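Structure at a glance
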Amino acid sequence: MEYNKPIAQMHTGDDVEGFYLLKDAYLKTSSAGKPFLSAVLADRTGTIDIKVWDYSGPVGADATQIGKAVKIRGTVSEFKGALQITVALIRMAETTDVYDVSNLVPVAPIDTEAALQDVRLLISSITDNDYRRVAETMLERHLEAFQKIPAAKSVHHSFLSGLLMHTGNMLKAADFLSRLYSNVIDRSLLLTGALLHDMAKEREFLFSDLGIVTEYSACGQLLGHLVMGAQEVGQVCKELDIPEEKSLLLQHLILSHHGELEYGAAVVPMCAEAELLSYIDMVDSRMEIYAEKLPEVPVGSFSQRIFALDKRIYNHGVS
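I will try to describe carefully the structure that is included in this document. Each chain carries its own residue numbering, running from 1 in the written order of its sequence. In keeping with the predicted nature of the model, local features appear solely for residues at pLDDT of at least 70, side-chain atom pairs appear and are counted solely at 80 or more, and the whole-chain, interface and lining totals rest on all residues. As a convention, hydrogens and water are excluded, and side-chain values are obtained from all of the structure's heavy atoms.

1. Points about the overall build of the chain
Stated formally: Here a strand is any run of E in DSSP of at least two residues, a helix any run of H or I of at least four, and the numbering for each starts at the N terminus. Each radius of gyration reported is based on C-alpha atoms, and the globular scaling rule is 2.2 Å times the count of residues to the power 0.38. Note on classification: 1.4 Å probe, protein chains only; a residue is buried when its accessible area is under 20% of the maximum for its type, exposed when over 50%, partly exposed between these limits. Should any heavy atoms of two residues lie within 4.5 Å, those residues are counted as being in contact. Using a 1.4 Å probe, accessible areas were evaluated by the Shrake-Rupley method; residue-level cover was limited to the displayed protein chains. Neither His nor the chain ends contribute to the count of charged residues, in which Lys and Arg are positive and Asp and Glu negative. In plain terms, the charge of a residue is placed at NZ if it is Lys, CZ if Arg, CG if Asp and CD if Glu.
For the chain, the count of helices and strands is nine helices and 10 strands. Whereas a compact globule of 319 residues would reach a radius of gyration of roughly 20 Å, the chain reaches 21 Å, a difference of no more than 12%. In terms of overall dimensions, the chain has C-alpha extents of about 60 × 45 × 40 Å along its principal axes. Per-residue burial over the chain gives 49% buried out of 319 residues. Counting only contacts in the chain whose residues sit at least 6 apart along the sequence, the fraction spanning at least 24 positions is 56%. Here the chain has roughly 15700 Å² of accessible surface; of this, 53% comes from carbon and sulfur atoms. Charged side chains of the chain number 29 positive and 43 negative; the gap between the two group centres comes to 4 Å.

2. Structural notes on helix H9 (residues 272-293)
The line we're drawing: A helix is expected to reach a length of 1.5 Å times the quantity of its residues less one.
Counted at 1.5 Å a residue, the expected span for H9 with its 22 residues is 32 Å, and the 32 Å between its end C-alpha atoms agrees. All of the buried residues in H9 are Glu273, Ala274, Leu276, Leu277, Ser278, Ile280, Asp281, Asp284, Ser285, Glu288 and Ile289.

3. Concerning the packing of aromatic side chains
Two aromatic rings are characterised by how far apart their centres lie and by the angle between their planes. Our working rule: Note on aromatic pairs: the rings of Phe, Tyr and Trp (six-membered ring only in Trp) are paired at centre separations within 6.5 Å, and the planes decide the class, stacked below 30 degrees, edge-to-face beyond 60, tilted for the rest. Criterion for a charge above a ring: Lys NZ or Arg CZ within 6 Å of the ring centre, and within 35 degrees of the ring normal.
Applying the stated criterion to the full structure yields five aromatic pairs. An angle of 20 degrees between the planes, with centres 4.8 Å apart, marks the rings of Phe19 and Tyr99 as stacked. Taken together, the positions of Phe19 in strand E2 (residues 15-29) and Tyr99 in the loop between strand E6 (82-92) and helix H1 (112-124) put the pair 80 residues apart, joining distant regions of the chain. Arranged with centres 4.9 Å apart and planes meeting at 40 degrees, the rings of Phe36 and Trp53 form a pair that is tilted. With Phe36 in strand E3 (residues 35-43) and Trp53 in strand E4 (residues 46-53), the pair connects residues that are 17 residues apart, well separated along the chain. For Trp53, a relative accessible area of 45% puts it in the partly exposed group. Each residue in the set Phe205, Phe207 and Tyr216 is aromatic and connected to the rest through ring pairs, giving one cluster. Here the basic side chain of Lys246 rests over the ring of Tyr131, its NZ or CZ set 5.4 Å away from the ring centre.

4. Some words on unusual backbone geometry
Cis rather than trans, the peptide bond between Gly57 and Pro58 has omega equal to 10 degrees. With respect to the secondary-structure elements, Pro58 resides in the loop between E4 and strand E5 (69-79). Positive phi values are uncommon outside glycine, yet His157 reaches one of about 50 degrees. If you trace the backbone, His157 turns up in the loop between helix H2 (129-148) and helix H3 (162-180).

Here it is as structure tokens:
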């Protein structure tokens, strides 16, 4: 029995016991009519699915448990090419338990200070004074959350500082692609849109005491980060006396950055910068999904269907 073994170091057949973060949990019923718990555990090294058979609670019965620590005992197995833990015992962590919280919370695999410096340098390179002022103002208003919060609840960059990592990657891609397609792209507009596109996620999500996204807020569900982001940028542009067309273009980039209405865009992209921003967002999010899922797939094997990609993926091994 290995105690508090990092998820990234688990292998088929390992007997494990210890404390992990409860990232998601669902009480379900099997085809035989028996209740079971399907959940996702996390630590700072990764995530893993678990199953607790013939189980009806209390873990998984209360949404407020998400983002908190649980203690489990079980055996690591493999299902459709991915590791999972068949859990024999599970309970919520108690106040008398002793464990290191810093080991439980997934953190972006980046140097956050260096990543923020890269973001600031790219913002300072925005040549249009109006767009640069909006970018600088928004970054300072959201600086604390921008550096710390995840970029999503579960799909991609769902670890601490995930928003910083995701936005930083997008700014670098936007910088390169704006130069490649300089005949149709306003670099200042594209970089500003890349910085601002997900800033309203600070208000879209609710966070646990450990900083992990646990649920969507009321305004997150009723409006969403695209609408809230566009609203705030419109207000900031008024405060800074930014020309109306520039304000509208920035709002359009935010409202359309999901690309298609079926993917959650409020409107479809109608200018080159909005079109390119939606592709940059998609590329970075999907590459992060690969980065998170490939380590769970043995080389030479296919994964099980990945919901966010709507397909299985193949691990050919990266040299």
